[in-house]
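Coordinate analysis (summary)
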Amino acid sequence: QVQLVESGGGLVQAGGSLRLSCAASGRTFRFYAMGWFRQAPGKEREFVAAISWSGGNTAYADSVKGRFTISRDNGKNTVYLQTNSLKPEDTAVYYCAAKETSFLSDSYYYTLDKYDYWGQGTQVTVSS
């Protein structure tokens, strides 16, 4: 079992930045692929970014490419999402997710059904 706790959300003006964190506990974090998803009111949860267990492979949704950066620190059992140049349409609850992989599978995943564990989410609100 893995527990995920997101933090770092808040209210920011358009053009601003936030750094979201997701702290994992429970089992060995190192071989988990991680992802960030978001859900705006009235919309389905959507993929934002993903990272392989080593951090060597990453993927982004087109809507955030060039503005958001996913990274991880396996020594701290934490994955980060640096969000820059925020827009009002980035307003959503941001969730991190974990998928158990292995040393031989250094892949990322961008569909919700691939992930085994989810955090409770952190609210990001971008004002215009």
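Treat the numbers as computed from the prediction; the structure is a model and nothing was measured. (Residues numbered from 1 in each chain as written. Predicted model: local features only at pLDDT ≥ 70, side-chain atom pairs only at ≥ 80, totals over all residues. Heavy atoms only, no water.)

**Section: the packing of aromatic side chains**
Under the counting rule described, the total for this entry stands at nine aromatic pairs. A centroid spacing of 5.8 Å and a plane angle of 70° characterise the contact between F37 and F47, whose relative ring orientation is edge-to-face. Within this pair, whereas F37 is found in strand β4 (residues 32-39), its partner F47 is found in strand β5 (residues 46-51), the two being separated by 10 residues in sequence. The exposure class assigned to F47 is buried, which follows from its relative accessible area of 16%. Relative to W118, the ring of Y115 lies with its centre 6.1 Å away and its plane at 65°, an arrangement referred to as edge-to-face. On the basis of relative accessibility, which here comes to 6%, the residue Y115 falls in the buried class. For W118, a relative accessible area of 27% gives the class partly exposed. (Phe/Tyr/Trp six-rings, centres within 6.5 Å; stacked < 30°, edge-to-face > 60°. Helix = DSSP H or I, 4+ residues; strand = E, 2+ residues; numbered from the N terminus. Buried < 20%, exposed > 50% of the residue type's maximum accessible area, 1.4 Å probe, protein only.)

**Digging into the side chain of R67**
Position of R67 relative to the elements: it lies in the loop between β6 (58-60) and β7 (68-73). Residue R67 is classed as buried on the basis of its relative accessible area of 11%. One polar contact links the side chain of R67 to the main-chain carbonyl oxygen of S63, over a distance of 2.8 Å. With near-sequence residues (within four places) excluded, R67 lies in contact with Q82, T83, N84, S85, L86, K87 and D90. (Polar contact = N/O pair within 3.5 Å; in protein donor to acceptor, adjacent residues only side chain to side chain. Contact = heavy atoms within 4.5 Å.)

**Observations concerning the sheet that holds strand β8 (residues 78-83)**
If you trace the four strands from one edge of the open sheet to the other, you get β1-β3-β8-β7, paired in antiparallel fashion. The two strands at the open ends of the sheet, each matched to only one other strand, are β1 (3-7) and β7. Going across the sheet, the axis of each strand differs from the next one's by a mean of 15°, ignoring polarity. (Pairing = 2+ DSSP bridges. Axes fitted to C-alpha atoms, helices over the stretch in contact; angles between N-to-C directions.)

**Focus: the nonpolar core**
Judged by nonpolar contacts, the single largest core of 37 residues is most densely connected at L4, M34, W36, V48, I70, L81 and Y94. Sorting the residues of this core by element identifies β3 (18-25), β4, β5, β6, β7, β8, β9 (92-100) and β11 (122-127) as the ones contributing at least two each. (Core = buried A, V, L, I, M, F, W, Y, C linked by side-chain atoms within 4.5 Å.)

**A few points about the state of the cysteines**
Enumeration over the complete set of coordinates arrives at one disulfide. Put simply, C22 and C96 are joined by a disulfide, and their sulfur atoms are 1.9 Å apart. Disulfide C22 to C96: torsion about the S-S bond roughly 45°, handedness right-handed. Taken together, the residues C22 in strand β3 and C96 in strand β9 connect sequence positions 74 residues apart. Note on C22: relative accessible area 0%, which makes it buried. Residue classification places C96 among the buried residues on the basis of a relative accessible area of 0%. (Disulfide = S-S within 2.5 Å.)

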